[in-house]
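Notes for the structure review
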Amino acid sequence: GVTVAGDRDELVRAFENLVENALKYGASGGRVDIGMTLAAAPQGDEVAVAVKDYGPGIAPEHLPRLTERFYRADVADSRAQGGTGLGLALVKHILQRHRGRLGIDSTVGAGATFTVRLPSLAERLPEPDTAQPAG
Ligand SMILES: Nc1ncnc2c1ncn2[C@@H]1O[C@H](COP(=O)(O)OP(=O)(O)O)[C@@H](O)[C@H]1O
Ligand SMILES: [Mg+2]
């Protein structure tokens, strides 16, 4: 398993926002994939969680501004879904507090991938089962 130091509720809220966006804005793609990888980074192990949808995607000119408060790429779609434009600003804020970061990749017409990277504590190997006497 992978362990991340931080505030459980905040981290859950960050992932909820990303999954909710993928389900709302990427609904036409019919599926959302969530994957996790662990990689060695110069400062220590890093966990990356990617939330990938197959919806309309996001035009490149919006990407740099997407985490600004109240910024919406598709205002009509956001309004129709009850959005406020605050979700990704919150995600960014939470990740900053956890020394993490958010990556956004998209190909218009093919979907969007939001990747959260967080420092992870060393992966723990399963404890040897000492309760069972050998032999
Ligand atoms: N998975 C996605 N696919 C397409 N557009 C997205 C996706 N996630 C976010 N967006 C765009 O980014 C904008 C900002 O997202 P967010 O901050 O969560 O605000 P909102 O309250 O509108 O969901 C959304 O309004 C939407 O235009
Ligand atoms: Mg949102």
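Residues numbered from 1 in each chain as written. Chains lettered and ligands numbered in written order. Predicted model: local features only at pLDDT ≥ 70, side-chain atom pairs only at ≥ 80, totals over all residues. Heavy atoms only, no water.

**With respect to the sheet that holds strand E4 (residues 111-119)**
- If you trace the four strands from one edge of the open sheet to the other, you get E1-E2-E4-E3, paired in antiparallel fashion. Lying at the two open borders of the sheet, with one neighbouring strand each, are strand E1 (32-41) and strand E3 (101-107). The mean inter-strand angle of the sheet, taken between neighbouring strand axes irrespective of direction, is 20 degrees.
- Pairing geometry for strand E2 (residues 44-53) and E4, over eight bridges, is antiparallel. Opposite Val47, over in E4, you have Leu118 as the bridge partner.
- Against the sheet, helix H3 (residues 87-97) contacts E3 and E4, and its axis sits at roughly 140 degrees relative to E3. (Pairing = 2+ DSSP bridges. Helix = DSSP H or I, 4+ residues; strand = E, 2+ residues; numbered from the N terminus. Axes fitted to C-alpha atoms, helices over the stretch in contact; angles between N-to-C directions. Contact = heavy atoms within 4.5 Å.)

**Some points on the site of ligand 1**
- In the neighbourhood of ligand 1, 20 residues make up the surrounding shell, with Tyr25, Ser78, Thr84, Gly85 and Leu88 lying closest.
- Asp53 is positioned such that a nitrogen or oxygen atom in its side chain is 2.8 Å from a nitrogen atom of ligand 1.
- In isolation ligand 1 offers 530 Å² of accessible surface; the protein chains occlude 96% of this area.
- Elements supplying a minimum of two residues to the shell around ligand 1: helix H1 (8-25) and H3.
- The element best represented in the shell around ligand 1 is H1, accounting for four residues.
- For the shell around ligand 1, the class distribution of residues is nine nonpolar, seven polar and four charged. (Near = heavy atom within 4 Å. Polar contact = N/O pair within 3.5 Å; in protein donor to acceptor, adjacent residues only side chain to side chain. Areas by Shrake-Rupley, 256 points an atom, 1.4 Å probe, with all protein chains shown as cover. Nonpolar A, V, L, I, M, F, W, Y, C, P; charged D, E, K, R; others polar.)

**Focus on the environment of Arg69**
- With respect to the helices and strands, Arg69 occurs in the loop between E2 and helix H2 (75-80).
- Taking the C-alpha atoms as reference points, Arg69 and Leu90, 21 residues apart in sequence, are found 8.2 Å from one another.
- When sequence neighbours within four positions are dropped, the list of residues in contact with Arg69 reads Gly85, Leu86 and Ala89.

**Notes on the side chain of Arg72**
- Mapping Arg72 onto the fold places it in the loop between E2 and H2.
- Despite its burial, Arg72 remains without a salt bridge, the nearest opposite charge being carried by Asp74 at 8.5 Å.
- A polar atom in the side chain of Arg72 sits 2.9 Å from the backbone oxygen of Gly83.
- Residues within four places of Arg72 in sequence aside, it is in contact with Ser78, Arg79, Gly83, Thr84 and Gly85. (Buried < 20%, exposed > 50% of the residue type's maximum accessible area, 1.4 Å probe, protein only. Lys, Arg positive; Asp, Glu negative; His and termini not counted. Salt bridge = Lys/Arg side-chain N within 4 Å of Asp/Glu carboxyl O.)

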